[in-house]
Amino acid sequence: MQTNKVKIVSQSKNRVRLRVAQLCDESDISFVEASISELSNVKNARVNIYAKSVIIEYNDDLQGILDFVSGLEIPKKAKNATTASKAEIYKATAALAITPFVSDTRIKAAISVAAAAKPLIQGVKELKNDGLTSKVLESLALGVSLARGDYLAANGTNFMLSLGEYMEESTAYRSDDLIKELAKPSIEEVWVEHIKNGKKELIKTKTADLKKGDIVVVSAGENIGIDGYIVAGEASVNQVSMTGEAEPVRKSRGDRVISGTIVEEGQIKIWAENVGDDTATARIKEYIQSSLNEKSNIGLKAAKLADKLVPVTLGLAAASYVFKRDANSVASVLQADYSCALKLATPVAFKSSISKAGRNGILIKGAKAIEALANADTFVFDKTGTLTNGHLKVEEIYSFDENFSKNDLLNLTASAEEHYFHPVAEAIVDAAKEQGFKHIHHDEVEFIVAHGVKTTVDKKVLIIGSRHFIEEDEKIDFKGKEKIIADALKRGLTLLYIAYDKKLAGIIAMKDEMRPNAKAMLESLRKSGVKELVMLTGDIQSKADETAKELGIDKVYANCLPTDKANIIAELKKSGKNVAFVGDGINDAPSLSKANVGISMHKGADIAKASADVSLLKDDIMGIAMIKGLSVKTMRLIDSNFKITVGVNSAILGAATFGLLNPIATAVLHNGTTIWLLLNSMKGVKFEDK
């Protein structure tokens, strides 16, 4: 096991700075930040590679965080990792520094032309392939200054252009690397059944080496690493990552399973149908990578506007020459154009916000998602696993045996269930511990997959499980209990039945709790400009209305079938609303795709994550309000940059056209403004952890 030398450098309330001796220039920073941020009690993690430190904002359990960082294996960056090159900046800087001290004009010209060779060649290629573009204008501005022998202006302009290009590339690569790291599948190895010398044996195999038709064996507590069909065995499979439902599902021969789900109990053999890049998990990664360079609508408009303004700049340069008959004025005009700031600042602002969101546990798949989020005025929520936790909690206990109080019944049930780790068992044991759990001695417990458990207490049989299991399989009489059961089911409760000594001893009713910060998140959305909040649920109308009133939701669609959701989204869009849909299950995928912007929950289905434009990487619904606020601020920043670009560059062009600015002054003002806008975009907007 990896052991890192970790030391606390400074500490304040819920914030700690650690020095990790093993961090170095070759360390994969994105991996370290993403790994620590994935911890449930960590809000944010940042690495300072130069100080070999990690700054962590957390909620609790500092010792657990220290242990995790100490044992974290820190990988090196991939050798083929893409990074922005500083070569052009070095060349431009050298030329700018050297030429003032060179007296020979020919040497000075050679140095300047060599430094500016790349943008000059790019300009010629773009003129040939694409016509007049901003690159052509940049190349022409450099060419005029070089032709006039104004090497200071030429080298100064070249330096500014190189610096701006490097800033854009480095920002893009940093955010892309982080997003790709966060999208990596977590299942790397599985057990595969092989037959050697007539005997079956299990061999641990990397998921990348699997072939279609391999028999993969998955036991209790293990992740399913492929998509396929069960050919032998049966198991209780936790599909919270697929459907958002709290209860595990019984799976047996012929049933299909999907990568990323977990076997709670039992063991199954799976015929591998989709492996490697074809699994649901891998398709998510591919989707994200294809979305990284997706252009936003406003970004495309800015780029088109920049190219359309190129002829305007050339026209002003020609007009300046006609009136002034001075190449100096022409060079000044050509130094100033709208294209640099318009084309560079917008994508850099988007990349900055995507990167910040990723570092705070929210994955945004492209600039269009930010635009759509900023414009969304209607948010639609699927209830289960979204507004609720997806975790069961004991709500009520019904005892039908005078020998057992409610606490006695809870302790009896927890004593048998504490050996298992499915959601129902965990809910029972947690409730018993809250009441001061007193263990009741019992014999060995028999677990019947997807049905329940069976054991003996004081020589009498204790049976715990579903109604079907207890009433039909074990022949326990339910007479006289129908009204209690019906009322509990109407309230949307999940019921666990307990039989003792051949009689129904009681029922434990559980519910999927509302997230404690759901109401605060909805209120925050309203403050960000959301006009309507909608909830979709399979609950009966009265129960749905009760939840809506509690949370402050405007409109409810109750008794919803999975097929109803996409139709509701379509109707809302048809009425002119910009819709954001938040869901987590397989049946939410059509709605996530149909909405203007789809948001998937952290424990959502693989297909839901693939269909969504935004995915929460932490199980915190407040992330929805955070990303809405970030999107609104990002669009405001872009709009502000746009207005500054047009205003300042119009003034510079006007002054240059009338000969009020020389080429050096124009270059400093124009490129200085561009650099400032890039720095402003790179800094981005503040990500508020609400």
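Everything that follows concerns the structure shown earlier in this document.
Residues numbered from 1 in each chain as written. Predicted model: local features only at pLDDT ≥ 70, side-chain atom pairs only at ≥ 80, totals over all residues. Heavy atoms only, no water.

A. Up close: the pairing of strand β6 (residues 199-206). For strand β5 (residues 189-196) and β6, the ladder comprises 8 bridges, and the chain directions are antiparallel. Looking at the pairing, Glu189 lines up with Lys206 of β6. If you look at the hairpin formed by β5 and β6, you'll find 2 residues sitting between the two strands, and Asn197 has a positive phi there, around 55°. (Pairing = 2+ DSSP bridges. Helix = DSSP H or I, 4+ residues; strand = E, 2+ residues; numbered from the N terminus.)

B. Representation of the environment of Ser139 within the structure. Among the structural elements, Ser139 can be located in helix α6 (residues 134-148). Sequence-wise, Ser139 and Lys118 are 21 residues apart; in three dimensions their C-alpha atoms are separated by 9.3 Å. Not counting the four nearest positions on each side in its chain, Ser139 is found in contact with Pro119, Leu120, Gly123 and Val124. In terms of polar contacts, Ser139 uses its side chain to reach the backbone carbonyl oxygen of Leu120, at 3.3 Å. (Contact = heavy atoms within 4.5 Å. Polar contact = N/O pair within 3.5 Å; in protein donor to acceptor, adjacent residues only side chain to side chain.)

C. How the structure looks around the nonpolar core. Ranked by internal contacts, the top residues of the largest apolar core, which has 49 residues, are Phe379, Phe381, Leu387, Met521, Leu525 and Ile624. With 9 residues, the single largest contributor to this core is helix α25 (residues 622-657). Phe404, Ala416, Tyr420 and Met510 belong to the second largest nonpolar core, which has 28 residues in total. (Core = buried A, V, L, I, M, F, W, Y, C linked by side-chain atoms within 4.5 Å. Buried < 20%, exposed > 50% of the residue type's maximum accessible area, 1.4 Å probe, protein only.)

D. Main features of helix α20 (residues 518-527). Among the residues making up α20, those that are buried are Ala518, Met521, Leu522, Ser524 and Leu525. In a view along the axis of α20, the buried residues occupy a sector of 160°, so they form one face of it. Contacts from the buried residues of α20 go to β13 (378-382), α15 (383-387), β19 (503-514), β20 (532-536), α21 (541-551) and α25. Gly529 sits one or two residues past α20 and shows a positive phi near 105°. (Arc of directions from axis to C-beta.)

E. Summary view of the environment of Ile464. By the secondary structure assignment, Ile464 is in strand β17 (residues 460-465). Take Ile464: its relative accessible area is 0%, and that puts it in the buried class. Taking the C-alpha atoms as reference points, Ile464 and Ala499, separated by 35 residues in sequence, lie 6.4 Å from one another. Leaving out residues up to four positions away in the same chain, Ile464 has contacts with Thr413, Ala416, Glu417, His451, Gly452, Val453, Phe469, Ile470, Leu496, Tyr497 and Ile498.

F. Inspection of the sheet that holds strand β22 (residues 579-583) at higher detail. Strand order in the open sheet made by the 7 strands is β12-β24-β23-β22-β13-β20-β21, with mixed pairing throughout. Each edge of the sheet is formed by a strand with only one pairing partner; in this case those strands are β12 (362-364) and β21 (555-557). Strand-to-strand twist of the sheet, defined as the mean angle between neighbouring strand axes without regard to direction, takes the value 20°. Where β22 and strand β23 (residues 597-600) come together, 4 bridges link them in parallel fashion. In the strand pairing of β23, Phe581 is matched with Gly598. Of the strands in this sheet, β12, β13, β23 and β24 (614-616) are in contact with helix α14 (residues 367-375), which crosses β23 at around 100°. Packing against the sheet, α20 makes contact with β13 and β20, and its axis sits at approximately 160° to β13. (Axes fitted to C-alpha atoms, helices over the stretch in contact; angles between N-to-C directions.)

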